[in-house]
Amino acid sequence: MIVGSVGCLMIRTLCAMLKFAKRSQIISNSPFEDIPSLKRPKKAPDPFTMEEYERFILALPASVVNLWKVAFYAGLRHGELCALGWDDVDLVSGKIHFSRNLNNYD
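None of these values were measured; they are calculated from a predicted model.

Trainee: How would you explain empty space enclosed by the protein if you had to name every residue and give the values?
Mentor: In this structure the tally under the stated criterion is one cavity of 30 Å³ or more. Lining of the largest cavity is provided by E80, A83, L84, D88, F98, S99 and R100. Across the lining of the largest cavity, the residue classes tally to three nonpolar, one polar and three charged.

Here it is as structure tokens:
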């Protein structure tokens with residue numbers, strides 16, 4: 001059985017080839033219409049336990065403890081944390097605005 005992103009890519013490629021063949025009148029029927037997309041199972045989140053969180057915080061250098069506390073309590077993804085800048089922090093209102101995401105694709 002073919003599963004995962006490789007299987008989805010293979011099915012998409014096959015459907016594209018069959019659609020091209022149909023448009024080019026190489027084939028007369030549309031076999032790609034009955035090919036279902038594969039569903040990738042989503043992984044259940046595996047958050048830190050409170051004990052793991054406390055051990056993690058204790059292992060950090062003091063200079064980054066507050067940053068990681070904000071990340072944990074706000075539920076930030078790593079890309080949101082990496083993109084955070086001082087212009088996102090409003091010390092007067094006590095709010096942090098998360099509006100950017102940094103990833104390997106940028």
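Additional details are given in the paragraphs that follow.
Trainee: Pulling in residues and values, what's your account of the packing of aromatic side chains?
Mentor: Following the criterion strictly, the structure yields seven aromatic pairs and no others. On the numbers, 5.8 Å between centres and 80° between planes, the contact of F48 with F56 is edge-to-face. Residue F48 is classed as partly exposed on the basis of its relative accessible area of 44%. Ring centres of W68 and F72 lie 6.3 Å apart, and the angle between their planes is 55°; this geometry places the pair in the tilted category. Of this pair, W68 and F72 both sit in helix α3 (residues 65-74), separated by four residues, roughly a single helical turn.

Analysis parameters
Residues numbered from 1 in each chain as written. Predicted model: local features only at pLDDT ≥ 70, side-chain atom pairs only at ≥ 80, totals over all residues. Heavy atoms only, no water. 1 Å grid on protein atoms, 1.4 Å probe; cavity = no way out; pocket = protein on both sides within 12 Å on 5 of 7 lines; lining within 4 Å. Points joined across faces, edges and corners; volume = space filled by probe spheres on them. Nonpolar A, V, L, I, M, F, W, Y, C, P; charged D, E, K, R; others polar. Phe/Tyr/Trp six-rings, centres within 6.5 Å; stacked < 30°, edge-to-face > 60°. Buried < 20%, exposed > 50% of the residue type's maximum accessible area, 1.4 Å probe, protein only. Helix = DSSP H or I, 4+ residues; strand = E, 2+ residues; numbered from the N terminus.

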